[in-house]
Number of protein chains: 4
Amino acid sequence: MRFGLTDDQSAIVEALSKLVSGFSDEYWLTKDREGGFPEDFYQCVKEDGWLGIALPEQYGGSGMGVTEAVLMMHTIAKSSGGMAAASSIHMNIFGPKSIAAFGSDDQKQRWLPGLINGDFKMCFGVTEPNVGLDTTRLKVKAERRGAKYIVSGQKIWTSTAQVAEKIMLLARTSPRDDAKPTEGLSLFFTDLDRSSTTIKEIDKMGRKAVDSNEVFFDQMEVPAEDRIGEEGNGFRYILQSLNPERLLIGAEAIGLGQEALNRATAYAKDRVVFERPIGQNQAIQHPLAVNWAELEAAFLMVMKGAWLFDKGKSCGVVANAAKYLSAEAGFDACKQAVASHGGMGYAKEFHVERLLREVMIPYLAPVSQQMALNFIAEKELQLPRSY
Amino acid sequence: MRFGLTDDQSAIVEALSKLVSGFSDEYWLTKDREGGFPEDFYQCVKEDGWLGIALPEQYGGSGMGVTEAVLMMHTIAKSSGGMAAASSIHMNIFGPKSIAAFGSDDQKQRWLPGLINGDFKMCFGVTEPNVGLDTTRLKVKAERRGAKYIVSGQKIWTSTAQVAEKIMLLARTSPRDDAKPTEGLSLFFTDLDRSSTTIKEIDKMGRKAVDSNEVFFDQMEVPAEDRIGEEGNGFRYILQSLNPERLLIGAEAIGLGQEALNRATAYAKDRVVFERPIGQNQAIQHPLAVNWAELEAAFLMVMKGAWLFDKGKSCGVVANAAKYLSAEAGFDACKQAVASHGGMGYAKEFHVERLLREVMIPYLAPVSQQMALNFIAEKELQLPRSY
Amino acid sequence: MRFGLTDDQSAIVEALSKLVSGFSDEYWLTKDREGGFPEDFYQCVKEDGWLGIALPEQYGGSGMGVTEAVLMMHTIAKSSGGMAAASSIHMNIFGPKSIAAFGSDDQKQRWLPGLINGDFKMCFGVTEPNVGLDTTRLKVKAERRGAKYIVSGQKIWTSTAQVAEKIMLLARTSPRDDAKPTEGLSLFFTDLDRSSTTIKEIDKMGRKAVDSNEVFFDQMEVPAEDRIGEEGNGFRYILQSLNPERLLIGAEAIGLGQEALNRATAYAKDRVVFERPIGQNQAIQHPLAVNWAELEAAFLMVMKGAWLFDKGKSCGVVANAAKYLSAEAGFDACKQAVASHGGMGYAKEFHVERLLREVMIPYLAPVSQQMALNFIAEKELQLPRSY
Amino acid sequence: MRFGLTDDQSAIVEALSKLVSGFSDEYWLTKDREGGFPEDFYQCVKEDGWLGIALPEQYGGSGMGVTEAVLMMHTIAKSSGGMAAASSIHMNIFGPKSIAAFGSDDQKQRWLPGLINGDFKMCFGVTEPNVGLDTTRLKVKAERRGAKYIVSGQKIWTSTAQVAEKIMLLARTSPRDDAKPTEGLSLFFTDLDRSSTTIKEIDKMGRKAVDSNEVFFDQMEVPAEDRIGEEGNGFRYILQSLNPERLLIGAEAIGLGQEALNRATAYAKDRVVFERPIGQNQAIQHPLAVNWAELEAAFLMVMKGAWLFDKGKSCGVVANAAKYLSAEAGFDACKQAVASHGGMGYAKEFHVERLLREVMIPYLAPVSQQMALNFIAEKELQLPRSY
């Protein structure tokens, strides 16, 4: 094993650290209070050419791997922007991989340059309200009518649908067959046509800057040439991107946790009570040391998952473990950061409560901690399926 | 030991359960979003005569003990109102005890009826920004000038100062003497004169309905007859109310946790994924069972503390343990409630994220978990002071 | 609620505290190393008349309730003897309740005086190796042959079978009927006939002084008059004693944990490293304070369960919660006691490692922590059965 | 980063996996019951040439790094032999590094071949009873008398002193000077002369096969040529080996935990209760999945520490974090393995209770978890020293 970054990787981290440091606590706090997409931040990321980090060079991307994407998203989340910053670009990093992998040349040409240049934002229409994590039961329908599909039904938790021009959509093109439950779904990348959709923002615990939505499709027309790959194989295409998504979200949880830890540590050094910095108390410093160790270890697991993926090796168990450990470590660090601030941790101006609200996102999504454990239990430990 | 409630106590719980059920999820969610004191709720509590539950009958109160006050606040917090509901009256329940215990007959006559009737609300000016939990280092000064004291300096985390007419104020009347650090502070109950104070609301993680504030005193005049007891003994008077406060806040944390648990349980029964209610999964149901057990056990500790207090026995260790256990159990239950809801736990309309934000209050205040453990370690285990 | 002990109850605790203090660390350490039933200790308990604490006065017992039995076993376990001491008499306290409740007058007359006087010890033959906690699937058979039953099959984890004269045996008298799985088992109290049994001691982690065994029955004859109650109703009779057993074992786990905590606290005061008692470090003292609080709270839950039982109220959920919380708190305290001793915790002469080995008994038995949570989830939270 | 093993490293793991599989559960259980150095096992390791894995090739070693030593010890501990197997050779792997680093050519020639060949075993005399982890306060004295030193005083926790021919000894050669507390200690490697020492085995919780001892030196003579490096610099020499020791012990804790996890998983698949393998229950399988993830992550941290060390980079913080995480993960896995076995976990014949007793060694030594956290807090987080 080798545990150092390459020079290129170090340069990515350095450049992005600098980029994120240009956005102040006040900027992000205002976004958290008032909402509104962090367009200034997005523009910076776009202008510096980061959106195509993991997309093919021939379409203007950097052609790097999930490893570098992980380093990028980790660095962005490890900032005052936290999940708001990360989520504002997360989908553009992770979403187009399906196009690169399964799209036709024509589709890649039509879509990838715009995604890489940041000409359009995309959102991700997979999750549905009454389906939970049982993806094979998705109900949104795309009915073929000549050269078009007609889409109807409801998606939920579609992030950035308020600002996105495009949507990656998984919809049912033939009825569910219990014998082949993973078939019958198709994947589309198409315009998010606001005239035939109703998009309702969900008021949520945190990350107000990046909207999450219910999207109701009312006979939305999708040209057949916007279907990626073969009809009925959409589930399989999406599956390919689940592991990178878990690794990216893991990296974000860790970044968030480290940002919280840094703030807690700084406060613990400065804050004097009973004539000593509170950080001199083991009750304050030991939990922070544990947070540090757990975040570092989880990060190594994320990096291992990315290395496996980039090598073309099987990485599902590691990716799920990375997501699980990262979310636990990130959550614990954010909670501890609030606790280390005492009452001040409850005031928005100290920012750690914001991070605690945001860390629930990688804790709850894109897969629950319980489902991650189910995966490990079944695939690694070979225990029987429990549900 | 005996573990049942008396008929009177059961009646308290029943009546208040009914009262709180009159205020909808939507009412409290709106308060959480928009802020604004929950005046309707307060009026109901006031009209039903609950404010004086633990104050002397001769001034219009019910003359009951901390036990009954605990039952009252537990029931109120175990509702959609959670900490917002509890905090809107908490101070009126717990604050006036110092008047009842140490005030002159004249003072009791002047103040208790109004507090009991709800004619005026009171806030509590003890905590200061650079002092933390080291109360003997309070800096707000009250300088004697003839028949008045002139108050200057800053308090923080003063709840309900936006709406209160009265303030219970702990201020320094003579300089700190290292030899007698607990002396030199005096206790006042007086008008919160807005002309000589600046009151700045703190934007905070939760419980927006009940304001918390920084209060800056700019030569505020306080009549000498508003001083409770002897000059210089204020710390001692306040000390008497610390244990009841910990017990009440513990009861509130438990109520909040139980409300969250009830919501999680209901959701776990209804929500079907993979063709079964999610509550059939041990990964969902076992944490809820643990929450139930820990909340019940913490509640017994709260009740034991209240019983000891009402019997006139030493209750400091039990009160601190009750606060510690209640805050842990309450926090865990609220976090688990969010996790049990999956992604829906992040949406405000499911209410559990609100409870999670609110449970940080009893977690962080009025004393940190670490200080509660210090107290147990020193007083019960007789271990040397660590700080 | 009332949280004090009655004078009688205090007298029980006091007398037993004195009794257990008569047995030295060295006594119990030797028993742990070499095995051998703690006959001296048993004789003291017997001579002071404690064995019949919860059995009817008309047969020589004290006629007290589970509450007093809990106080007794708690006090015994809270000593250097720990589980070895407790287990040496546990069965005589808890086992004969089925006789008192369901035996005929003749049976009571035949058996209770001897159990109360300590003339004979009894063991408990319920658990079987391939059945686990699914009691309705017990396989040991008792076939009726005229005035006798012929018993064959295997029991496991039968404690004190090496020294007991009597056995309480649950055996199948008719085949399992899926429609009525709880029927077909019968309860016997009879001589443990060594000529028709093979009793094989299990080498185990701790509590060497009190043997646990595999018992193989080879056509053991049991007179029909040794059957308690009706044939086929044995499961129902045994069920009645499960909650008291959980409460007693909970009390023992707590006693054990408190004994460990006391030793850890004493060591933390005495042991000086880096020129300070190690107990001055929050990393040492805070976990001990948490142990203290959790043990106290669990004890209140045990006492509540006992109160409910003695009042004739439903106590299953509370008993399971008490067992769960007690085992967790007891385990944590014993582990922390070892950790607080540093390397010395690993040496037998400091006794805490012995307690840690012993606390696994109430952790693992008589019901697993997982089954206790299943019970709470189903009965209290009304969630669907998960298994 | 790169996460694969080299071919050589894979070969090490494979060869040792095969070697350890040659020693049965029964072999190690007997050793655990009866004690006695596992000489057969030691001979195999010696004959296959593993003892010199990390010692210089010029003296017959393999010249590999800590990375390979970590892989070796991890593989050995991940077997039925657990800590007994690991500890029987641990000192020969880790101890002689000080000779290789600081010994003279003559000393290396005199000692390394014998250690590499396994001609003699060595023990480690550093820890003292009243000093704890405050190594600068060691009291064992080595007084210079001409060409010899005369050693007197007491060491404790000296493992393998019953069978070792040699001792690595840290002793005071000049009085402690508060201004330079780390000076005045010298390091010796010399014959363990049984005629001038009393060696008393400590009866301990587990790992009976590998003795731990109190060693009393009664004027033991040590030739001056057995002193390593300069007089007074012994503390500095020893310091160099602390990080490798932490990494090795971390690797052993992980191996032990994984062995326990494997046994728990196998049992969970086989054991049927309520008509299903118990491993189908999430209450059984999820904790095992968590164990798996935490053990893997801790292992990556160990490997990172080894990589840093082998690269000559600073690795103290990582080594302490690796020890901390490994001990936690190893302990949790062993405890869970016992819990997963239900009552059977308490029987020695299922082996997991033995692993639980053994895992306390890396939990408690060579440094406490608390001291590991202190190190991280001070060195990485730059928080003030707490003790």
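How each quantity is defined
- Residues numbered from 1 in each chain as written.
- Chains lettered and ligands numbered in written order.
- Predicted model: local features only at pLDDT ≥ 70, side-chain atom pairs only at ≥ 80, totals over all residues.
- Helix = DSSP H or I, 4+ residues; strand = E, 2+ residues; numbered from the N terminus.
- Buried ≥ 20, exposed ≤ 12 C-beta atoms within 10 Å, placed from the backbone.
- Contact = placed C-beta atoms within 7 Å.
- Nonpolar A, V, L, I, M, F, W, Y, C, P; charged D, E, K, R; others polar.
- Least-squares fit on C-alpha atoms with pLDDT ≥ 70 in both.
- Domains from an automatic or database assignment.
- Expected span 1.5 Å × (residues − 1).
- Pairing = 2+ DSSP bridges.
- Axes fitted to C-alpha atoms, helices over the stretch in contact; angles between N-to-C directions.
- Parallel < 35°, antiparallel > 145°, perpendicular 65-115°, else oblique.
- Left-handed = near helix turned anticlockwise from the far one by under 90°.
- pLDDT = per-residue confidence, 0-100.

(A) Just the overall build of chain A, in detail. Of regular secondary structure, chain A possesses twelve helices and ten strands. With respect to the three principal axes, the spread of C-alpha positions in chain A is 80 × 45 × 40 Å. Within chain A, the fraction of its 387 residues that count as buried is 59%. Restricting to contacts in chain A with at least 6 residues of sequence separation, those with at least 24 account for 74%.

(B) Region of interest: the interface of chain B and chain A. With 28 residues of chain B at the contact, the number on the chain A side is 27 residues. A per-element tally of the side of chain B that touches chain A places helix α11 (residues 352-364) of chain B first, with three residues. The class makeup of the residues in the side of chain B that touches chain A is 14 nonpolar, seven polar and seven charged.

(C) Up close: the relation of the copies chain B and chain A. Laying chain B over chain A is done by rotating through 180° and shifting 0.0 Å along the axis; what remains is an RMSD of 0.0 Å. Considering both components of the superposition, the chain copies are consistent with a two-fold axis. Ranked by how close their C-alpha atoms come to the rotation axis, the residues of chain B are headed by Arg-357 of chain B, at 4.1 Å. Most of the interface of chain B is mirrored in chain A: 96% of its interface residues are interface residues there too.

(D) Layout of the domain arrangement of chain A. Residue and element names in this part refer to chain A. Domain boundaries in chain A define domain 1 (7-117), domain 2 (122-232) and domain 3 (236-380). Looking at the side of domain 1 that touches domain 2, the elements that each hand over two or more residues are α2 (25-34), α5 (82-94), α6 (97-102) and α7 (105-117). It is α5 that provides the largest number of residues to the side of domain 1 that touches domain 2, a total of six residues. Taken together, the residues of the side of domain 1 that touches domain 2 sort by class into nine nonpolar, nine polar and two charged.

(E) Main features of the interface of chain D and chain A. Each side of the interface is counted separately: chain D has 37 residues, and chain A has 37 residues. At the level of elements, α8 (234-270), α9 (282-310), α10 (316-340) and α12 (369-380) of chain D are the ones that each hand at least two residues to the side of chain D that touches chain A. A per-class count over the side of chain D that touches chain A returns 24 nonpolar, eight polar and five charged.

(F) Representation of α11 of chain B within the structure. Compared with an ideal rise of 1.5 Å per residue, which puts 13 residues at 18 Å, α11 of chain B spans 19 Å between its outermost C-alpha atoms and is within 8% of the ideal. Among the 13 residues that make up α11 of chain B, 13 are buried, leaving the element largely enclosed by the rest of the structure.

(G) Highlighting the pairing of strand β7 (residues 212-223) of chain A. Residues and elements named next belong to chain A. Two elements, strand β3 (residues 148-159) and β7, share eleven bridges in a ladder whose sense is antiparallel. Directly across from Lys-155, in β7, lies its bridge partner Val-215. Examined bridge by bridge, strand β6 (residues 197-201) and β7 share five bridges and lie antiparallel to one another. From the neighbouring strand, Glu-201 faces β7, where its bridge partner is Asn-213.

(H) View of the packing of helix α5 (residues 82-94) of chain C against helix α8 (residues 234-270) of chain C. Residues and elements named next belong to chain C. At a minimum axis distance of 11 Å, the contact between α5 and α8 shows a crossing angle of 160°. Considered as vectors, α5 and α8 are oriented roughly antiparallel to each other. Along this stretch, α5 crosses α8, giving a crossing that reads as right-handed. Side by side, α5 and α8 meet where Gly-82, Met-83, Ala-86, His-90, Ile-93 and Phe-94 of the first sit next to Ser-241, Pro-244, Glu-245, Leu-248, Glu-252, Leu-256 and Glu-259 of the second. A class-by-class count of the residues in the contact of α5 with α8 yields seven nonpolar, three polar and three charged.

(I) Main features of helix α4 (residues 66-77) of chain A. All names here are of chain A. Compared with the 16 Å implied by 1.5 Å per residue over twelve residues, the 16 Å span of α4 between its first and last C-alpha is a close match. Taking burial as the measure, the twelve residues of α4 include twelve buried ones, the bulk of the element. All of the buried residues in α4 are Val-66, Thr-67, Glu-68, Ala-69, Val-70, Leu-71, Met-72, Met-73, His-74, Thr-75, Ile-76 and Ala-77. Tucked inside the fold, the buried residues of α4 contact α1 (7-21), α5, α8 (234-270) and α9 (282-310).

(J) Up close: the environment of Lys-141 of chain C. Residue and element names in this part refer to chain C. As for its placement among the helices and strands, Lys-141 is situated in strand β2 (residues 141-145). Accessibility expressed as a C-beta count within 10 Å gives 16 for Lys-141, which makes it partly exposed. Considered as a pair, Lys-141 and Ser-186 are 45 residues apart in the sequence and their alpha carbons are 9.6 Å apart. In this view, Lys-141 contacts Val-151, Ser-152, Gly-153, Ala-171 and Arg-172; residues no more than four positions away in its chain are not counted.

(K) Molecular detail of the environment of Val-352 of chain B. All names here are of chain B. Positionally, Val-352 belongs in helix α11. Placed 183 residues apart in sequence, Val-352 and Leu-169 show a C-alpha to C-alpha distance of 35 Å. Discounting residues that sit within four places of it in the chain, Val-352 has contacts with Ala-260, Arg-263, Ala-264, Cys-334, Ala-337, Val-338, His-341 and Gly-345.

(L) Representation of the environment of His-90 of chain B in the model. Residues and elements named next belong to chain B. Within the secondary structure, His-90 is located in helix α5 (residues 82-94). You can call His-90 buried: it has 23 C-beta atoms within 10 Å. Distance from His-90 to Ala-69, taken between C-alpha atoms, is 9.6 Å for residues 21 residues apart in sequence. If we ignore the near neighbours within four places in the chain, the residues touching His-90 are Met-73 and Leu-248.

(M) Just the pairing of strand β4 (residues 166-172) of chain A, in detail. Residue and element names in this part refer to chain A. Most of β4 sits inside the fold, with seven of its seven residues counted as buried. Relative to β4, strand β1 (residues 122-125) runs parallel, the two being bridged by four bridges. The partner of Met-122 across the bridge, within β4, is Lys-166. Of the pairings in the sheet, the one linking β4 to strand β5 (residues 185-191) comprises seven bridges and is antiparallel in character.

(N) Examining the packing of helix α4 (residues 66-77) of chain C against α5 of chain C more closely. All names here are of chain C. Taken N-terminus to C-terminus, the directions of α4 and α5 make an angle of 155°; their axes are 8 Å apart at the nearest point. Considering the angle they form, α4 stands roughly antiparallel to α5. Of the residues in α5, those in contact with Ala-69, Met-73, Ile-76 and Ala-77 of α4 are Gly-82, Met-83, Ala-85, Ala-86, His-90 and Ile-93. Looking at the contact of α4 with α5 residue by residue, the class counts come to eight nonpolar, two polar and no charged.

(O) The arrangement of unusual backbone geometry in detail. Following Ala-365 of chain B, the chain continues into Pro-366 of chain B via a peptide bond in cis, with omega recorded as -5°. Mapping Pro-366 of chain B onto the fold places it in the loop between α11 and α12 (369-380). Unusually for a residue other than glycine, Phe-274 of chain A sits at a positive phi of about 55°. With respect to the helices, strands and loops of the structure, Phe-274 of chain A is situated in the loop between β9 (272-273) and β10 (276-277). The exposure class of Phe-274 of chain A is partly exposed, given the 16 C-beta atoms found within 10 Å. A positive phi angle, near 70°, is found at His-351 of chain A, a position not held by glycine. One can find His-351 of chain A in the loop between α10 (316-340) and α11 (352-364).

(P) Representation of the confidence of the model for chain A. In the predicted model, chain A carries a mean pLDDT of 97, and 100% of its residues have values of at least 70. Our summary of model confidence lists the complex with pTM equal to 0.98 and ipTM equal to 0.97.

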